[in-house]
Amino acid sequence: MQQHWLTRPETIKKLWWLFIIVLAATVAAEFFIEHEAHFGIDGTFGFNAWYGFAACAAMILTAKLIGLVLKRPDTYYEERDD
């Protein structure tokens, strides 16, 4: 059985490079696009990139913490012999 195209190692490597190139292009575009800062900090160079990264990292950490609270044992759905 063939692997799905998204699970092949060569495809994953190509996608990583594509995402890195897109991120670099969006950060480099800030040299050519003038934007107005509304809150002061959003006027810093690369704000959208590092803010997006920080928000994603915060969501992952929050999900891990919620997972610790809601986690059930592996045998949770097995029938009990009481």
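Residues numbered from 1 in each chain as written. Predicted model: local features only at pLDDT ≥ 70, side-chain atom pairs only at ≥ 80, totals over all residues. Heavy atoms only, no water.

### What about the packing of aromatic side chains?
Step number 1: Scanning the model with the defined rule gives four aromatic pairs in all.
Step number 2: Look at Tyr76 and Tyr77: their rings are 4.9 Å apart centre to centre, the planes differ by 85°, and that puts the pair in the edge-to-face class.
Step number 3: Judged by its relative accessible area of 39%, Tyr76 is partly exposed.
Step number 4: Pairwise contacts between aromatic rings join Phe47, Trp50 and Tyr51 into one cluster.
Step number 5: Sitting over the face of the ring of Tyr76, Arg72 holds its NZ or CZ atom 5.3 Å from the ring centroid. (Phe/Tyr/Trp six-rings, centres within 6.5 Å; stacked < 30°, edge-to-face > 60°. Buried < 20%, exposed > 50% of the residue type's maximum accessible area, 1.4 Å probe, protein only. Lys NZ or Arg CZ within 6 Å of the ring centre and 35° of its normal.)

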